[in-house]
Amino acid sequence: MWLHFRMKTELQFSSEFSVEAEEAFLKAIEDSKPLFMKGVPKDADPGDAGHIEGTPLIEGNRVELEFASGTYTRVHDALFRFRKQIPAYLGKHRLGLREISVLDYVITMKGEFPEGVHIPNLPFITESSIDGDTLTLKLNVTASDLENKVPDRLVKLIEEKVQAAGYGGKSEHWDLVFESGKKARFFEGDPTEEMIRRGWIRHALSRGQWIHGPQSVQLFRAFEQIVIENIIEPLGFTEMIFPKLVPWDVWKKSGHAKGVYPEIYYVCTPKTRDPAYWEDIGDYFKVTGEVWVDEIRKRVDGPIGGLCYAQCPSFWPFIQGETVANDCMPIRIFDRSGTSHRYESGGIHGIERVDEFHRIEILWLGTPEHTVDIADRLHEVYRHVFEDILELEWRCARVTPWFMAQEGMIDTGAGCGCGERIGTTDYEAYLPYSDSWLEFQNVSINGDKYPKGFNVKIQSGADCWSGCSGIGLERWTAAFLAQKGLDNGNWPEGVAKIVGEPKELFRFL
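Quick notes on the rules
- Residues numbered from 1 in each chain as written.
- Predicted model: local features only at pLDDT ≥ 70, side-chain atom pairs only at ≥ 80, totals over all residues.
- Heavy atoms only, no water.
- Helix = DSSP H or I, 4+ residues; strand = E, 2+ residues; numbered from the N terminus.
- Rg over C-alpha atoms; globule rule 2.2 N^0.38 Å.
- Buried < 20%, exposed > 50% of the residue type's maximum accessible area, 1.4 Å probe, protein only.
- Contact = heavy atoms within 4.5 Å.
- Areas by Shrake-Rupley, 256 points an atom, 1.4 Å probe, with all protein chains shown as cover.
- Pairing = 2+ DSSP bridges.
- Axes fitted to C-alpha atoms, helices over the stretch in contact; angles between N-to-C directions.
- Polar contact = N/O pair within 3.5 Å; in protein donor to acceptor, adjacent residues only side chain to side chain.
- Expected span 1.5 Å × (residues − 1).
- Bend = angle between axes of the 7 residues up to and from the residue.
- Parallel < 35°, antiparallel > 145°, perpendicular 65-115°, else oblique.
- Left-handed = near helix turned anticlockwise from the far one by under 90°.
- Nonpolar A, V, L, I, M, F, W, Y, C, P; charged D, E, K, R; others polar.
- Phe/Tyr/Trp six-rings, centres within 6.5 Å; stacked < 30°, edge-to-face > 60°.
- Lys NZ or Arg CZ within 6 Å of the ring centre and 35° of its normal.
- Salt bridge = Lys/Arg side-chain N within 4 Å of Asp/Glu carboxyl O.
- Disulfide = S-S within 2.5 Å.

A word on the overall build of the protein. Tallying secondary structure elements over the protein gives 15 helices and 22 strands in all. Taken over C-alpha atoms, the radius of gyration comes to 30 Å for the protein, far larger than the 23 Å a tight globule of 509 residues would show. Once the C-alpha set of the protein is aligned to its principal axes, its extents read approximately 100 × 65 × 50 Å. Considering the protein as a whole, with its 509 residues, one finds that 47% of them fall into the buried category. Contacts in the protein between residues far apart in sequence, at least 24 positions, make up 74% of those at least 6 positions apart. When the accessible surface of the protein is totalled, it reaches about 25600 Å², and 49% of it is carbon and sulfur.

Ordered in space as β2-β3-β1-β4-β6-β5, the six strands form an open sheet in which the pairing is antiparallel. This sheet does not close on itself; its edge strands, each paired only once, are β2 (51-59) and β5 (125-131). Averaged over all pairs of adjacent strands, the angle between their axes in this sheet comes to 15°, without regard to strand direction. Inspection of the sheet shows strand β4 (residues 97-110) paired to strand β6 (residues 134-139) by six bridges, in the antiparallel sense. Counterpart to Thr108 in the pairing with β6 is Thr136. Relative to the sheet, helix α1 (residues 19-31) contacts β1 (2-13), β2 and β3 (62-69), its axis offset from that of β2 by approximately 170°.

Further remarks concern the environment of Ser18. By the element assignment, Ser18 lies in the loop between β1 and α1. Residue class for Ser18 comes out partly exposed when judged on its relative accessible area of 31%. Among the polar contacts listed, one links the side chain of Ser18 to the backbone nitrogen of Ala21, at a separation of 3.1 Å.

In this section: helix α3 (residues 75-90). Counted at 1.5 Å a residue, the expected span for α3 with its 16 residues is 22 Å, and the 22 Å between its end C-alpha atoms agrees. In the structure, α3 departs most strongly from a straight axis at Lys84, where the bend amounts to approximately 30° and where the proline Pro87 lies between one and four residues downstream. Among all positions in α3, only Val75, His76, Ala78, Leu79, Phe80, Phe82, Gln85, Ile86 and Leu90 are buried.

Attention shifts here to the packing of helix α7 (residues 214-232) against helix α11 (residues 368-389). When two helices pack together, their arrangement is given by the angle between the helix axes and the distance between those axes. As a packed pair, α7 and α11 sit with axes 10 Å apart at the nearest point and diverge in direction by 135°. Our classification of the angle between α7 and α11 gives oblique. By crossing handedness, the relation of α7 to α11 is classed as right-handed. Facing α7, whose interface residues are Ile226, Asn230 and Ile231, α11 presents Leu378, Val381, Tyr382, His384, Val385 and Ile389. For the contact of α7 with α11, a count of residues per class yields seven nonpolar, two polar and no charged.

Turning next to the pairing of β5. Taken together, the six bridges between β5 and β6 define a ladder with antiparallel strand orientation. Of the residues in β6, the one forming a bridge with Asp131 is Thr134. Between the end of β5 and the start of β6, which pair antiparallel, lie two residues, with Gly132 showing a positive phi angle near 65°.

Two aromatic rings are characterised by how far apart their centres lie and by the angle between their planes. Enumeration over the complete set of coordinates arrives at 28 aromatic pairs. Relative to Phe508, the ring of Phe506 lies with its centre 6.0 Å away and its plane at 0°, an arrangement referred to as stacked. You can call Phe508 exposed: its relative accessible area is 60%. Every member of this aromatic cluster is reached through a ring pair, and the members are Phe178, Phe223, Tyr382, Phe386, Trp394, Tyr427, Phe440, Trp476, Phe480 and Trp491. In this structure, Arg395 is placed above the aromatic ring of Trp437, and the distance from its NZ or CZ to the ring centre is 4.1 Å. The positively charged end of Lys449 is found above the aromatic ring belonging to Tyr450, 5.7 Å away from the centroid.

Now for the pattern of salt bridges. Enumeration according to the criterion identifies 31 salt bridges in this entry. Measuring nitrogen to oxygen at the nearest pair gives 3.3 Å for the salt bridge that ties Arg353 to Glu344. Judged by relative accessible area, Arg353 falls into the partly exposed class, the value being 29%. Judged by its relative accessible area of 10%, Glu344 falls in the buried class. One network of salt bridges, with partners in common, ties together Glu10, Glu59, Arg62 and Glu64.

Quick look at the pairing of β4 now. Here twelve bridges tie β1 to β4, and the two strands are oriented antiparallel to one another. Residue pairing for β4: Trp2 is matched across the bridge by Lys110.

Next up on the list: the packing of α7 against helix α14 (residues 473-484). Between α7 and α14, the shortest axis-to-axis distance is 10 Å and the interhelical angle comes to 105°. Classified by the angle between their axes, α7 and α14 sit roughly perpendicular to one another. Where α7 approaches α14, its residues Leu219, Phe220, Phe223, Glu224 and Val227 are matched on the opposing element by Leu473, Glu474, Trp476, Thr477, Phe480 and Leu481. By residue class, the composition of the contact of α7 with α14 is eight nonpolar, one polar and two charged.

Okay, the sheet that holds strand β12 (residues 266-270) next. Overall, antiparallel pairing links the three strands, which are arranged β11-β13-β12 in an open sheet. Two strands bound the open sheet, and with one partner strand each, they are β11 (245-247) and β12. Direction aside, the axes of adjacent strands within the sheet are offset by 50° on average. Of the strand pairs in this sheet, β12 and strand β13 (residues 300-307) are connected by four bridges, and their pairing is antiparallel. Paired with Tyr266 across the two strands is Gly306, which belongs to β13.

What follows covers the state of the cysteines. Evaluated as defined, the whole model comprises zero disulfides. Note on Cys268: no disulfide assigned, nearest cysteine sulfur contributed by Cys308 at a separation of 18 Å. Sulfur of Cys312: no disulfide; nearest cysteine sulfur belongs to Cys468 and is 4.2 Å away. What makes Cys312 buried here is its relative accessible area of 3%.

Below, the structure is given as structure tokens:
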């Protein structure tokens, strides 16, 4: 994409310019040209690098300068390079730079802008327009914003939005790896409806939330036992407990802060624990029988973060900033300590698409070779479990998650030859009642995404990679019951033996 930057600035100095000082300042501009070309490819057009245009306007103690650039030494970088050499030219004239103001900043981008590209509505952008293949942005930024690389980040953001608009749906990035073929089916109905009818589950009072009765929990625990005996223990994973309240600092480093907002449950804290501050809230309920939500909103701070959206990010602060010893590698851990929560924007359905769900999260890290090897071993044991124990009709496919594509993590060309393995394998089970497929399992090789975000290194100096695999108990249950039904006489022996007879605890009059 072709880029052009133009910026007008005002530099305020400690006192007014003398004639000699003006001459020295003009000399500083002339001598800055080689400075702006540092790091610029030799074959690049000089006009594509940052430079000062025209003659500066010097009045009293202020100077107006106009910068222009293309891709290289962008105007804000040119400004700060120029700032560094000002003291050498004006110091003897007792002129010190006091303040930098940005009077005008315009970015022009030329390229293909697919339909649906949304120009961000951010406070830095005062005007934006797309005319054919040209996007123009006018910015309101401070010197501090420039030092924080806000223009660069805006350009990157728009490039990502352009890529996302052209990325297409999952079907364009889905490559079938294996399909089991048809297996024995004993049920054609919606398993959730049948579980409700038999009293195995009931709707809870929150959106996308269920209360699981003894029979449903028996199946959950059977699946957990199968996972422990066939996956966790043979592959050497060790249990940990990850937090389920996730602060912003975790999601900033994990990358989720780029776009998790429509799907998280936010967590806020009270402004104070003083009972007197909250007394009228309780009194309101006592009088009306309603919770005074509008007033509560005024008395909480935050949000400080959200409930667990994906389990693995919460682990990483445990080793953040550390160099892990070689003899620890590869590290293999798992967490099954609590619920995860997602505000399912695509709509909730049954027990398979819920806002509150139960999952065993498997996580591993090591060298690229370690990471790929463990993923391969997981694929082998999942195939054994789904084929020989659950006897499911299933398939798996390699997919390219958008977050990996946008971060340039696909086809990295790593020296070990593992780069092409970065990505996710989805496992899908056939649902007879809807003649569709349900994603119920995955294995992801995330490359250095998390180690880099949390500054984790390996003693040997090798690249540190990680992988994760989420085992959703609701999804396993939905897939299994959709094919085998709720009568355990039709279940594979490896499941029926663990579950035993469904426990009927409740009888209602």
